[in-house]
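Residue-level structural notes
Here's the letter readout for the chains.
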Amino acid sequence: MFMNYKRSSALFAQAEKVIPGGVNSPVRAFKAVGGTPIFVKEAKGAYLYDEDGNKLIDYINSWGPMILGHAYEPVVNAVIEKAKKGTSFGMPTEIETEIAELAVSMVPNIDKIRFVNSGTEACMSAIRLARGYTGKDKIVKFAGCYHGHSDSFLIQAGSGAVTFGSPNSPGVTQGTAKDTLLAKYNDIESVKALLEANKGEIACIIIEPVAGNMGCIPPKDGFLQALRNLCDINNVLLIFDEVMTGFRLAKGGTQELFNLKADIVCFGKVIGGGLPVGAFAAREEIMNYLAPVGPVYQAGTLSGNPLAMAAGLAMLKTLNNDSELFNRLAEKTAYLHEGFTKVLNENNITHTINRVGSMISIHFAEEPVVDFETSAKGNNETFKKFFHGMLQEGIYIAPSAFETWFITDALSYEDLNTTIAAVKKVTSKF
Ligand SMILES: *Cc1c(COP(=O)(O)O)cnc(C)c1O
């Protein structure tokens, strides 16, 4: 199969003239893998159809939301029917309560939920709430975890000192950076050290309970429980950023999967069924700190938008009513894992595969990938070849070695076999 991407290239050149880098979110621009991005025309189920007429099996799925496949009919119909009745009011609507009730019933340890427009907004608001509730300023995040692009999270480990963050984007101030502390994923000692050095100053620890933004990285046995214990001892709130994992790894997300309790949970991606939605949730005493009941300000003109709520509600209802869905997804992902391992070994390719539920990533790395450092050791030149090779075989994976593949229910076993065969063919030339 030889794929032609002429029209996509032309559209990209045109876009670059009026949109910075031709894209509205940087990873889409293919900078990490080279070449020019593919412009999608439409999508249905497991497949993308691009502007050059190519059909691609999709393993990004809008970076997670399309867990049931593209253009899932109940979601599409719910949006169309809602749109006919008006697209935004800036007034309360019944459907907001309906989706809130359903979300609260599906997710453990939450009493109330506030809807926003993106995962970024959810995480940004969650740390403000944690700071307001605890009366403390500092936050702890983990290197390699992504919580959206708000200032407090665009921080890297400062030179030398583990206790001090520094901005990793111009425009983020030193003033903001000094309140974000960086720990190492899967390394509880790094967290203890920060808590010790900043006694009484830390409001919250925020984490991706299964990391998905440095490839898929599962928490080591006991790591999250140890974090929970440290938070309890030090009077620190534990925030699970489940923007990626929420409504994907289980109905109740990782709290259910690992039988753990977070204090605040952030959502995005799946919860909006493909429309711009985020949310954050907690038990009542914490959520009542939010305006208009409490003192912590948070707002949004389009928050709880009727189209977004209709899409999200149709999505959550389906997930809630299908008791086999999450097992089915995990089985498909395990099948891929087994197939990939077999063909990569046959071709003598050094690799590590990580998988949790319907998240999976292939790393061209020798060592186990357990944190940002070990993920970054993966061979990026090999990944680039792999990415473009897969594309030529009609398979679309994320254009960066630091991303997870998202498995959808729309993928058939025939699609999975096609994908495994493509991995075999592509890597046989390495
Ligand atoms: C995608 C993502 C975000 C940011 O969500 P946006 O909707 O892109 O703003 C935050 N946290 C995690 C874990 C994510 O995967």
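Because the structure is predicted, anything quoted here is derived from the model rather than measured. (Residues numbered from 1 in each chain as written. Predicted model: local features only at pLDDT ≥ 70, side-chain atom pairs only at ≥ 80, totals over all residues. Heavy atoms only, no water.)

1. Some details on the overall build of the chain
Within the chain, the secondary structure is distributed over 14 helices and 16 strands. Reported as C-alpha extents along the three principal axes, the dimensions of the chain are approximately 60 × 55 × 45 Å. Contacts in the chain between residues far apart in sequence, at least 24 positions, make up 71% of those at least 6 positions apart. Per element, the accessible surface of the chain, about 18,500 Å² overall, is 53% carbon and sulfur. Computed over 40 positive and 45 negative side-chain charges, the separation of the two mean positions in the chain equals 3 Å. (Helix = DSSP H or I, 4+ residues; strand = E, 2+ residues; numbered from the N terminus. Contact = heavy atoms within 4.5 Å. Areas by Shrake-Rupley, 256 points an atom, 1.4 Å probe, with all protein chains shown as cover. Lys, Arg positive; Asp, Glu negative; His and termini not counted. Charge placed at Lys NZ, Arg CZ, Asp CG, Glu CD.)

2. Concerning helix α3 (residues 94–106)
In a regular helix each residue adds 1.5 Å, so 13 residues correspond to 18 Å; α3 covers 19 Å between its end C-alpha atoms and thus fits that length. Listed as buried for α3 are I95, I99, A100, L102, A103 and M106. Projected onto a plane normal to the axis of α3, the buried residues spread over an arc of 165° and lie on a single side. Exposed side chains of α3 directed beyond 90 degrees from the buried face belong to E94, E101 and S105. At its buried positions, α3 is contacted by α2 (73–83), β4 (112–116), α8 (253–258) and α10 (306–321). (Expected span 1.5 Å × (residues − 1). Buried < 20%, exposed > 50% of the residue type's maximum accessible area, 1.4 Å probe, protein only. Arc of directions from axis to C-beta.)

3. Some details on the domain arrangement of the chain
By the assigned domains, the chain splits into domain 1 (6–70 + 325–427) and domain 2 (73–321). Domain 1 and domain 2 are separated by 25 Å when their C-alpha centres are compared. Taken together, the contacts link 29 residues of domain 1 with 31 residues of domain 2. Buried area between domain 1 and domain 2, summed over both chains or domains, comes out near 2,300 Å², and the portion from carbon and sulfur atoms is 67%. Sorting the residues of domain 1 by area buried against domain 2 places F326, V356 and M359 first, and these three jointly supply 26% of that buried surface. (Domains from an automatic or database assignment. Buried area = accessible area lost by both parts, 1.4 Å probe.)

4. Looking at the sheet that holds strand β11 (residues 264–267)
As summarised here, the arrangement of the 7 strands in space is β4-β12-β11-β10-β9-β5-β8, forming an open sheet in which the pairing is mixed. Each edge of the open sheet is held by one strand with a lone partner, namely β4 and β8 (180–183). Pairs of neighbouring strands in the sheet enclose a mean axial angle of 20°, with direction left out of account. Where strand β5 (residues 138–142) and β8 come together, 4 bridges link them in parallel fashion. (Pairing = 2+ DSSP bridges. Axes fitted to C-alpha atoms, helices over the stretch in contact; angles between N-to-C directions.)

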